[in-house]
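Observations on chain architecture
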Amino acid sequence: MAKKPKLAVWKFASCDGCQLSLLDCEDELLAVADHITIANFPEASRAVLDGPYDLSLVEGSITTPHDRDRIQQVRSQSKCLVTIGACATAGGIQALRNFTDVREYMDIVYASPEYISVLQTSTPIADHVPVDFELRGCPINKNQLLEVINAFLNGRRPNVSTNSVCVECKKRGTACIMVTHGTPCMGPVTHAGCGAICPAYNRGCYGCYGAMETPNTSSLAGWMRDLGVSDYELQRMFRTYNAEEPAFRQEGDRYGPEDT
Amino acid sequence: MIGTDQTSVIEREDLQSLFDVVIARGYVPVGPTVRDGAIVFDEVCRVEDLPGGWTEDQDAGSYRLKRRHDTALFGYNNGPHSWKKYLFPPRAKLWEAVKTENNGLTVREAEDTKRPFAFIGVRSCDLHALQVQDAVFMNPKHPDPLYAGRRGKALVIVVNCGQAAKTCFCTSMNTGPRAEGGYDLALTEILDGDDHYFIAEPGSPDGYSLLAGIPHREADSADVLAAQECTKRAAEQIGRKIEISDVKDLLYRNYDNERWDALERRCLTCANCTMACPTCFCSKVEDVTDLTGGHAERWREWDSCFTMDFSYIHGGSVRPTTRSRYRQWLIHKLATWLDQFGMSGCVGCGRCITWCPVGIDLTEEVRLIRASEKDKEADDG
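Residues numbered from 1 in each chain as written. Chains lettered and ligands numbered in written order. Predicted model: local features only at pLDDT ≥ 70, side-chain atom pairs only at ≥ 80, totals over all residues. Heavy atoms only, no water.

1. A word on the overall build of chain A
Defined as follows: Only DSSP runs of H or I reaching four residues or more are called helices, and only runs of E reaching two or more are called strands; each is numbered from the N terminus. Our radius of gyration looks at C-alpha atoms and nothing else; its globule reference is 2.2 Å times the residue count to the power 0.38. We call two residues in contact whenever any of their non-hydrogen atoms come within 4.5 Å of each other. Here the Shrake-Rupley method, with its probe set to 1.4 Å, supplies the accessible areas, and only the displayed protein chains count as covering residues. Only four residue types enter the charge count: Lys and Arg as positive, Asp and Glu as negative, with His and the chain ends excluded. Every charge is mapped to an atom, namely NZ of Lys, CZ of Arg, CG of Asp or CD of Glu.
Summing up its helical and strand segments, chain A has 12 helices and 5 strands in all. The C-alpha atoms of chain A give 19 Å as radius of gyration, which agrees with the globular expectation for 260 residues (18 Å, within 12%). The principal-axis extents of the C-alpha atoms in chain A amount to approximately 60 × 50 × 25 Å. Across chain A, contacts joining residues at least 24 apart in sequence account for 73% of those joining residues at least 6 apart. In the form shown here, chain A has an accessible surface area of approximately 11600 Å², with 52% of it arising from carbon and sulfur atoms. Taken together, the 24 basic and 31 acidic charged side chains of chain A have centroids lying 5 Å from each other.

Shown next as structure tokens:
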């Protein structure tokens, strides 16, 4: 048998939820371990093998000078680098700091902020190093993660659609909640992948997967305004887990809290 | 077809027999039912599963379920689902392959394990939509085995419309509101004071046989008239219109109309219209492998001309702009479809209008394109 590819999982600024998706694979995890050497995954095992690694999964965003250097080392040790989750692909919820002055928060939260070394912004991994594939979501969908690993193992392109969440809603037969109830929903501008969970439970899409391939955020926002959504709420809708994602950032910037 | 000696009356209280007979003959009855604030299609085994006493208000980008003042079972117009979800499922396995010794490969075609469907409550527009998809999927040169298999075995029970939604325009497309054949059995629901009954017209040997299994009496001329009045009322309620006599040439002349720019700003490219459309038939195939690489499957899934991947060829998407994608969809639906299949791709059901999250209305777009030509003529003159 050919030598098994080596997998590493790296954590940057994040909540661990995405890398836990790999452990959450449960039934499939043993099969993954059969075909891949889990070489560096501190969340799962203390045994750490040296690089280089065939596949690196990177979770989290860049928020400190230390991490800004560390991602370069990760890249240099990785044949293939895949970012997983909203933090790694769009800066995550911590990118909300990009709209404020982070030093003010440090002064409020920490007794001795001078010990803290932090960047003013939270940025995606792709802003710092070349990325081979970005898997979206907050958190990522474990089936999509398996698909990406699978595609990597078999040398093919992952089947990960970049179209809207609406396509997933329609395929599962959910009646559009914006049309039937007037519930504001980010689905039409949001990247598919979750399987359209929230609308199936009568909740508008929160946009966890960031912008879809060709997001028309201004048209959707205009329609939601007509549904009675305030500018303040609109800004909140675009500034959640993917606030720094370019299309969401641009749309969120158009609405100010002063209109509440 | 109406008024033949086979036209019959089924009383409301005998309608359960229809379900019982259909089930006894091995069909899975699917039809309208209320779920999640809409009238959707699902398995319905009892009259009580039908949306009795429910109707809805529809408009561009809006659908609201509401109570009726009577107990009509089919007193609604088409909702978010169409029958294509049964004949052309959103996701279907086409085949699977297993690696064998010495790098061999065994390929197994996917088997359809579904029992035949009985579609109950097919509207005339949707009946035409089935015929449109028949032309696509049952073309003798390359029939789709899954679609053809299911369609061939399916029982089609029409319920003629007694009312129209604001988004309906079947009268423009010559597809309704009365079904004129191509069904197994057609029903028209009549509510008249305390009387509640169905005029039944069999349209095939299966339909005759089905009717024989349900208590019924021969219809008299008053019943026939009531059925005609019912669909006439629906036709009179229709407010939307497309002038189709020259729509193909109109659209062919207007590839560069400024309306496409307005749609560039408005269309979300979310693909809802194509998913809701009962005739849109586009799909993609995806190959999936397991971790061992020893087992592979090919799946077919609904796709849409509104996605970037759909027109992706070497180097990028052929239709990168929103305007190019909306134009492709509209012109295909109303014009190039005629060249391709000899029929229009639009049946006037209005789903794309209701289920567009931002209420884009194709009848309005066609009207504006036409008006812009007239304005231009006036300017030039």
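2. A word on a negative patch on the surface
Going by this rule: Every patch collects residues that have over 30% relative accessible area and no salt bridge, joining them within 9 Å if they carry like charges and within 5 Å if they are nonpolar side chains (Val, Leu, Ile, Met, Phe, Trp, Tyr). Any Lys or Arg side-chain nitrogen located within 4 Å of an Asp or Glu carboxyl oxygen qualifies as a salt bridge.
A contiguous patch of negative charge, built from B:Glu258, B:Asp375, B:Glu377, B:Asp379 and B:Asp380, is present on the exposed surface. Its location among the elements puts B:Asp375 in helix 13 (residues 362-380).

3. Looking at the interface of chain A and chain B
The condition that has to hold: Two parts placed together each lose some accessible area; with a 1.4 Å probe, that loss summed over both constitutes the buried area. Nitrogen and oxygen atoms within 3.5 Å of one another constitute a polar contact, given that in protein one can donate a hydrogen and the other can accept it, and given that sequence-neighbouring residues count only through two side-chain atoms. In this classification, Asp, Glu, Lys and Arg are treated as charged, Ala, Val, Leu, Ile, Met, Phe, Trp, Tyr, Cys and Pro as nonpolar, and every other residue, Gly included, as polar.
In this complex, chain A contributes 35 residues to the contact, which on the side of chain B involves 45 residues. A combined buried area of about 3200 Å² lies between chain A and chain B, and 53% of that area is made up of carbon and sulfur atoms. Considering only the surface of chain A that becomes buried against chain B, A:Lys170, A:Lys171 and A:Val179 emerge as the three largest contributors, covering 22% of it. Applying the counting criterion to the chain A and chain B interface returns 2 salt bridges. Summed over the shared surface of chain A and chain B, the number is 20 residue pairs in polar contact (both at pLDDT 80 or more). Of all the secondary structure elements, the ones that give two or more residues to the side of chain A that touches chain B are helix 2 (29-35), helix 6 (142-153), helix 7 (165-172), helix 8 (177-181) and helix 10 (217-226) of chain A. Here the residues of the side of chain A that touches chain B sort into 14 nonpolar, 14 polar and 7 charged.

4. Quick word on helix 3 (residues 65-77) of chain A
Residue and element names in this part refer to chain A. Inclusion rule: The span one expects for a helix is its residue count, reduced by one, times 1.5 Å. Remark: exposure states derive from per-residue accessible area (1.4 Å probe, protein chains only) relative to the maximum for the residue type, with buried under 20%, exposed over 50%, and partly exposed in between. Within this analysis, the arc is defined by the directions that extend from the helix axis to the C-beta atoms.
Over its 13 residues, helix 3 extends 19 Å from the first C-alpha to the last, a length consistent with the 18 Å expected when each residue adds 1.5 Å. Looking only at helix 3, the buried set comprises Asp67, Ile71, Val74 and Arg75. Burial along helix 3 is one-sided: seen end-on, the buried residues are contained in an arc of 95 degrees. Turned more than 90 degrees off the buried face of helix 3, the exposed positions are His66 and Ser76. The inward-facing, buried residues of helix 3 contact strand 1 (6-11), strand 3 (53-59) and strand 4 (78-84).

5. Notes on the domain arrangement of chain A
Residues and elements named next belong to chain A. The following threshold applies: Each domain span listed reflects an automatic or database assignment of domains.
By the assigned domains, chain A splits into domain 1 (6-153) and domain 2 (165-259). Look at where the C-alpha atoms of domain 1 and domain 2 centre, and you get two points 25 Å apart. The interface of domain 1 with domain 2 comprises 16 residues on the first partner and 16 residues on the second. Interface area for domain 1 against domain 2, summed over the two sides, is near 1300 Å², with a carbon-plus-sulfur share of 56%. Here domain 1 is connected to domain 2 by 0 salt bridges. Put simply, domain 1 and domain 2 have 7 residue pairs in polar contact (both at pLDDT 80 or more) between them. Considered class by class, the residues forming the side of domain 1 that touches domain 2 number 9 nonpolar, 6 polar and 1 charged.

6. Quick word on the sheet that holds strand 1 (residues 8-11) of chain B
Adjacent strands of a sheet pair through backbone hydrogen bonds, lying either parallel or antiparallel. Residue and element names in this part refer to chain B. Applied cut-off: A pair of strands is considered paired only if DSSP assigns at least 2 bridges between the two.
Reading across from one edge, 3-2-8-9-10-11-1-12 is the order of the 8 strands in this open sheet, with mixed pairing throughout. Edge positions in the sheet fall to strand 3 (38-43) and strand 12 (217-218), since each of these pairs with one other strand and no more. Sheet topology places strand 2 (residues 28-35) next to strand 8 (residues 117-122); 3 bridges connect them, and they run parallel. In the strand pairing of strand 8, valine 30 is matched with phenylalanine 119.

7. Topic: the domain arrangement of chain B
Residues and elements named next belong to chain B. Domain annotation for chain B reports domain 1 (8-237) and domain 2 (247-375). Computed from C-alpha coordinates alone, the two centres of domain 1 and domain 2 are separated by 25 Å. Counting residues at the interface gives 44 residues for domain 1 and 40 residues for domain 2. Inspection of the domain 1/domain 2 interface yields 4 salt bridges. We note a salt bridge from aspartate 144 to arginine 300, for which the minimum N-O separation is 2.8 Å. The tally of links between domain 1 and domain 2 comes to 29 residue pairs in polar contact (both at pLDDT 80 or more). At the level of elements, strand 4 (54-59), strand 5 (62-67), helix 2 (84-87), strand 6 (91-100), helix 3 (124-137) and helix 5 (170-173) are the ones that each hand at least two residues to the side of domain 1 that touches domain 2. Counting residues per element, the side of domain 1 that touches domain 2 draws most heavily on helix 3, which supplies 10 residues.

8. Side note on the environment of B:Ala97
Residue and element names in this part refer to chain B. If you trace the backbone, alanine 97 turns up in strand 6. Sequence spacing of alanine 97 and aspartate 59 is 38 residues, and the spatial spacing of their C-alpha atoms is 47 Å. Those residues in contact with alanine 97, other than ones at most four positions away along the chain, are Leu105, Thr106, Val107, Gly294, His295 and Ala296.

9. A few points about the pattern of salt bridges
All told, the structure shown has 39 salt bridges over all chains when counted by the stated rule. With a shortest N-O distance of 2.7 Å, B:Asp361 and B:Arg240 are connected by a salt bridge. With B:Asp361 in the loop between helix 12 (351-354) and helix 13 and B:Arg240 in the loop between helix 7 (221-237) and helix 8 (247-253), this residue pair connects regions lying 121 residues apart in the sequence. Take B:Asp361 and B:Arg240: they sit in the same class, and that class is buried. Each of the salt bridges in this network shares a partner with another, and the network as a whole consists of A:Arg239, A:Glu244, A:Arg249 and A:Asp253.

10. Structural notes on the nonpolar core
This is how the line gets drawn: Definition used in this section: a nonpolar core is a set of buried Ala, Val, Leu, Ile, Met, Phe, Trp, Tyr and Cys residues joined via side-chain atoms within 4.5 Å.
Counting residues in each nonpolar core, the largest one holds 123 residues, and the members touching the most others are B:Leu18, B:Phe119, B:Leu187, B:Tyr326, B:Trp329, B:Leu334 and B:Leu362. Excluding residues within four positions of it along the chain, B:Phe119 makes contact with B:Val30, B:Trp83, B:Tyr86, B:Leu87, B:Ala154, B:Leu155, B:Val156 and B:Ile157. Ranked by size, the runner-up nonpolar core spans 21 residues in total, among them A:Val9, A:Cys18, A:Leu57 and A:Leu146.

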